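Chain residues, written in single-letter form:
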Amino acid sequence: QPWNFGSHRGTMITTAHYHVYTTIDDPLYQRLLAKLLEADFTRGTLANPQSKVNGPLDCYVFASRSQWETYTRVRAGSNAPIYLQISAGGYCQEGVFAGYDIGRDQTLSVVAHEAWHQYAYFAFKDRLPAWLDEGLATQNEAIEWQGTDPVFKPELNYRRFFALKDAIREKRLWKV
């Protein structure tokens, strides 16, 4: 369905569990977003089968950082200055996530990460500890596509692997 964000034309994509508001106009990209979110939802229900997450969940994926910044200034309230420091990606606040295009593969990785946070916000009675919530979200970042079907491959998350390897080598791990 058509959707407008200010003067920007966009689309609202409805899936079984999501309303995706996007100003990205590439139909393939939109389809991949929808497929990824539904796969992420399924992955979440496998992690917590007793959860009763009701949809649709709202997601915003903007074509540009400036659109995302405008949305963030309007919707994020006192958290806006914190979120605006994000150099690439997105955030989830009170069960709604917002991100922007940083290249299709990277954006889809961020969407999968933030979709976990969104799912967890509704799926668990209490908030998960930040270290656990972030750790679980990173499990969705590496995606292989079999046609238009996403397959999550945490073992292929090289960006996180090399960051962890560097932290170990540089003795920057936190002691628990």
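In this text the structure is predicted, and so the values were computed from the model without any measurement.

### Comments concerning the overall build of the protein
Then, number 1: Of the regular secondary structure elements, the protein holds six helices and eight strands.
Then, number 2: The C-alpha radius of gyration computed for the protein amounts to 16 Å, which stays within 12% of the reference 16 Å derived for 176 residues, consistent with globular compactness.
Then, number 3: Over its C-alpha atoms, taken along the principal directions, the protein stretches across nearly 50 × 35 × 35 Å.
Then, number 4: Taking all 176 residues of the protein together, the buried fraction comes to 43%.
Then, number 5: Of all intrachain contacts in the protein linking residues separated by at least 6 positions in sequence, the fraction that spans at least 24 positions is 49%.

### Topic: the environment of C92
Then, number 1: Relative to the elements of secondary structure, C92 occurs in strand β5 (residues 90–93).
Then, number 2: Measuring from C-alpha to C-alpha, the distance between C92 and A47 comes to 19 Å, with 45 residues separating the pair along the chain.
Then, number 3: Filtering out sequence-adjacent residues up to four positions away, C92 remains in contact with Y83, F97, E114, H117 and Q118.

### Overview of the pairing of strand β3 (residues 18–22)
It is a general feature of regular strands that their side chains alternate between the two faces of the sheet.
Then, number 1: Extensive coverage of β3 is indicated by the burial of five of its five residues.
Then, number 2: A two-sided burial pattern is seen for β3, the buried positions comprising Y18, V20 and T22 on one face and H19 and Y21 on the other.
Then, number 3: In this structure, strand β2 (residues 8–14) lies alongside β3, joined through four bridges in antiparallel fashion. Among the inter-strand pairings, T14 is bridged to a residue of β3, identified as H19.
Then, number 4: The antiparallel hairpin formed by β2 and β3 contains three residues in its connecting segment.
Then, number 5: Where β3 and strand β4 (residues 57–62) come together, five bridges link them in parallel fashion.

About the thresholds
Residues numbered from 1 in each chain as written. Predicted model: local features only at pLDDT ≥ 70, side-chain atom pairs only at ≥ 80, totals over all residues. Heavy atoms only, no water. Helix = DSSP H or I, 4+ residues; strand = E, 2+ residues; numbered from the N terminus. Rg over C-alpha atoms; globule rule 2.2 N^0.38 Å. Buried < 20%, exposed > 50% of the residue type's maximum accessible area, 1.4 Å probe, protein only. Contact = heavy atoms within 4.5 Å. Pairing = 2+ DSSP bridges.

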